[in-house]
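# Overview (structure and organization)
So you can see what is in the structure, the chains are spelled out below.
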Amino acid sequence: QEFPKAIAVAYAIMSVVYGSFALFVAYYGGVGRVVPEFSPDVLSSSSLKAIVGGTLAVLHISVSYVITCQPLHRWLHSVVFPRTAGKESCRANCHWFLVTVGFLLFGYVIGNLIPFFADVQAILGSLFGAPVVFAYPVLFYFALTRRNRSFTSEQQITTMKKKIQTSMNWKHTI
């Protein structure tokens, strides 16, 4: 029942953050200059801004990695070590450590072995980043409401679908 409020607040916050970041990059990158592919590169390397920007980027990447990889690690743990998956023990913790560190190292190796990995990552991020962040939560919500009709009214679902369609149409016109 609170989903429409939550989604409105979330989109408002994301809009402010993304808009602020775009203005920040435009200001420090200079109007009319080519902005580098990695946005924090607009900052000079010797400034306090670079230190703060680098710290925030590391924190952002770390939190994003932890949030997005937890379900994948849990699934991988249940496949590779089914006896310890979901249990609390020293052995289960060691298996979890092996899975998470192994996955991180695998990503590092793949990222460094493929010479054009940055290009592939940019294409995949452009194609699938927005749907994963913006559309999947809404689609999962609709799937949940279809299973349990008492969760929300049909009218709320229809209204939310129209809002999503409007926002998707707006996004594609930019």
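Residues numbered from 1 in each chain as written. Predicted model: local features only at pLDDT ≥ 70, side-chain atom pairs only at ≥ 80, totals over all residues. Heavy atoms only, no water.

### Considerations on the overall build of the protein
This is how the line gets drawn: Strands here are runs of E lasting at least two residues and helices are runs of H or I lasting at least four, both read from the DSSP assignment and numbered beginning at the N terminus. The rule is simple: take the accessible area with a 1.4 Å probe, protein chains only, and divide by the maximum for that residue type; under 20% is buried, over 50% is exposed, in between is partly exposed. Any two residues having at least one pair of non-hydrogen atoms within 4.5 Å are treated as being in contact. All accessible-area figures derive from a Shrake-Rupley calculation using a 1.4 Å probe, and residue coverage is judged against the displayed protein chains alone.
A tally of regular secondary structure across the protein gives five helices and zero strands. Along its sequence from the N terminus, the protein presents helices and strands in the succession α-α-α-α-α. Expressed as a percentage of the 174 residues in the protein, the buried residues total 14%. Expressed as a percentage of contacts within the protein between residues at least 6 apart in sequence, the contacts between residues at least 24 apart total 35%. A total accessible area of about 13,600 Å² is found for the protein, and carbon and sulfur atoms account for 70% of it.

### A short note on the nonpolar core
Condition: Take the buried Ala, Val, Leu, Ile, Met, Phe, Trp, Tyr and Cys residues and link them wherever side-chain atoms come within 4.5 Å; each set so joined is a nonpolar core.
Residues Phe3, Ile7, Val138, Tyr141 and Phe142 constitute the largest nonpolar core, which totals five residues. For this core, the elements supplying multiple residues, two or more each, are helix H1 (3-29) and helix H4 (117-147). Looking at this core, the element that brings in the most residues is H4, giving three residues.

### Examining the side chain of Thr84
By the element assignment, Thr84 lies in the loop between helix H2 (48-80) and helix H3 (90-113). The residues touching Thr84, leaving out its near neighbours within four places in the chain, are His77, Arg91, Ala92 and His95.

### Focus: H3
Formally: One less than the number of residues in a helix, times 1.5 Å, gives the span that helix is expected to have.
Taking 1.5 Å of rise per residue, 24 residues should cover 34 Å, and H3 covers 34 Å from first to last C-alpha, within 8% of that figure. Of the residues making up H3, those classed as buried are Ala92, His95, Val99 and Thr100.

### Looking at the confidence of the model for the protein
How we decide: Every residue carries a pLDDT, the predictor's confidence in it, which falls somewhere between 0 and 100.
Of all residues in the protein, 72% have pLDDT values of 70 or greater, and the mean over the chain is 76. Below pLDDT 50 for its whole length, residues 170-174 participates in one contact with residues either more than four positions away or in separate chains.

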